[in-house]
Amino acid sequence: MCGFMFRIYTTGTLDKIFMTSPRWRLGVPASLNEVVMKNGKPVFKPYPSMEMQEIGNCSSLQFVNTVEINPQNGWMWIIDTGRINYFSPNGTQVQNICPAKLVIYNIETSTEIQRFIFPSDVVSPTGNYLNDIVLGNNGYAYITDAARGDGGLVVYNFNDNSAHRIVHDFMKADPNATVFNISGIISIVSGSINGIALSPDSRSLYFCPLTSYNLYKISTEDARKGTNVTPRFVGRKVSQTDGMIMGQDNLYFGALGLNAVYKWDPTTNLTLQTQKLVTQDNTGMQWISTFAFDGKGYLWFTATKVQDFRANRMDFSGNSGANFRVWKIKVDENSYLVPKPTSGPISGGNTPVSYLRIILAFTV
């Protein structure tokens with residue numbers, strides 16, 4: 001349940017910024033976008049084209065919740081649930097339009113590399129919510145399916161264009177963690193496996209259900225085999241978490257009940273003392289969902305007020321301020337996909353924390 005997902009790719013001296021706008025409800029013209037400037041304001045430009053956003057055309061993108069970009073080669077891995085109107089208001093229904101798919105797209109050459117249609121026994125075309133993705137070595141990708149009821153982990157192998165599914169009780173919602181308190185507003189949420197992160201050596205896969213305080217991990221070797229996989233309990237987090245990301249040294253995650261970002265060093269035990277506050281804002285950081293590194297020492301993340309959207313309380317008039325914010329904060333760290341420098345901090349600006357207000361307008 002990420003809401004707007006944010007990714008950055010640097011090509012030459014230019015930073016390309018991409019955001020998803022999941023079709024949780026009807027009326028969203030494009031589900032994957034590049035953020036461009038128009039009249040001095042950041043707006044969405046459908047990516048890679050408006051034609052690739054056609055609803056009902058299963059060759060196009062129907063519902064993109066998240067992508068991952070490999071900074072080493074410029075390949076964007078796009079997961080498409082094939083379903084729209086997921087949080088349908090009264091009087092409308094979820095539309096199960098297409099099978100779920102994975103599309104791998106080269107940003108540098110603007111060409112499609114490969115696509116994979118998930119079989120129904122791996123990803124249900126009528127019940128999936130492909131949520132987040134991380135990229136391992138040897139051509140593997142790991143995807144969380146936050147399907148209602150029993151979620152699961154989907155393992156994709158680029159080399160033979162195949163996939164399998166892993167399920168375990170640890171991936172289910174914890175009935176003792178359904179109460180979400182966001183700045184005094186109580187929501188009851190039951191969500192299965194959601195956030196996912198991969199260690200820089202590609203050996204350990206971390207995950208957590210949305211409705212849980214617990215963090216778990218499995219070895220990628222076991223995940224690739226797909227049989228008799230037993231996740232290990234790592235520890236209890238300070239709050240429920242939506243998205244997370246692994247840097248070169250630390251795991252960063254949102255603490256939904258605290259309107260904050262925390263980090264944890266995986267070389268230590270996960271305790272309340274080893275979870276370190278990175279930043280917090282009770283107004284502007286409600287429901288922190290997705291993260292990205294920019295290669296310049298900054299961690300970027302989105303705050304999406306999902307609790308207001310789900311409850312139909314979101315004000316789209318603009319009179320109540322921004323609904324969706326993109327923040328960045330200096331952490332002197334880079335993505336798990338980038339080799340760690342031998343010495344010295346990553347160069348970057350001096351702003352410790354700032355945010356970008358995205359204008360929900362589309363341009364072609």
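Note: the structure precedes this text.
These remarks concern the structure in this document. Per-chain numbering applies: the sequence of each chain, read as written, is numbered from 1 onward. It should be noted that, the model being predicted, local features are given only for residues of pLDDT at least 70 and side-chain atom pairs only at 80 or more, the latter also being counted only at that level, while totals for whole chains, interfaces and linings use all residues. Side-chain metrics rest on all non-hydrogen atoms present in the structure, leaving aside hydrogens and water.

1. A word on the overall build of the protein chain
Thinking step 1. Per the convention used, a helix needs a DSSP run of H or I reaching at least four residues, while a strand needs a run of E reaching at least two, with both numbered from the N terminus. Counting its regular elements, the protein chain contains two helices and 28 strands.
Thinking step 2. Only C-alpha atoms enter the radius of gyration; for comparison, a globular chain is expected to reach 2.2 Å times N to the power 0.38, where N is the number of residues. Relative to the 2.2 N^0.38 estimate, which gives 21 Å for 364 residues, the radius of gyration of the protein chain is 19 Å and therefore close to what a compact globule would have.
Thinking step 3. By principal-axis analysis of the C-alpha atoms, the protein chain measures approximately 45 × 45 × 45 Å.
Thinking step 4. Split into buried and exposed, the 364 residues of the protein chain put 55% on the buried side.
Thinking step 5. Put simply, 54% of the contacts in the protein chain that link residues at least 6 apart link residues at least 24 apart.
Thinking step 6. Here, Shrake-Rupley sampling with a 1.4 Å probe gives the accessible areas, and only protein chains in the shown set may cover a residue. Of the roughly 14,900 Å² of accessible surface on the protein chain, a fraction of 49% belongs to carbon and sulfur atoms. Only protein chains enter the calculation, and the probe is 1.4 Å; a residue is then buried if its accessible area is under 20% of its type maximum, exposed if over 50%, and partly exposed in between. We call two residues in contact when some of their heavy atoms are within 4.5 Å.

2. Re the sheet that holds strand 5 (residues 64–70)
Thinking step 1. When DSSP finds at least two bridges between two strands, those strands are taken to pair. Taken in spatial order, the four strands make up an open sheet running 5-6-9-10, and their pairing is antiparallel. One side of each edge strand has no neighbouring strand; the edge strands of this open sheet are strand 5 and strand 10 (111–117). Strand-to-strand twist of the sheet, defined as the mean angle between neighbouring strand axes without regard to direction, takes the value 15°.
Thinking step 2. Relative to strand 9 (residues 101–106), strand 6 (residues 75–80) runs antiparallel, the two being bridged by six bridges. Across the sheet, residue D80 finds its bridge partner in strand 9, namely K101. Axis geometry follows a simple rule: fit a line to the C-alpha atoms, using only the stretch in contact for helices, then measure angles between N-to-C directions, giving values from 0 to 180 degrees.

3. A closer look at the sheet that holds strand 14 (residues 162–166)
Thinking step 1. Pairing is antiparallel across the open sheet formed by four strands, whose spatial order is 11-12-13-14. For this open sheet the edge positions go to strand 11 (130–135) and strand 14, each flanked by a neighbour on one side alone. Each neighbouring strand pair of the sheet contributes to a mean axis angle of 20°, computed without reference to strand direction.
Thinking step 2. Two elements, strand 13 (residues 152–157) and strand 14, share five bridges in a ladder whose sense is antiparallel. Considered in strand 14, the bridge of L153 is made with I166.

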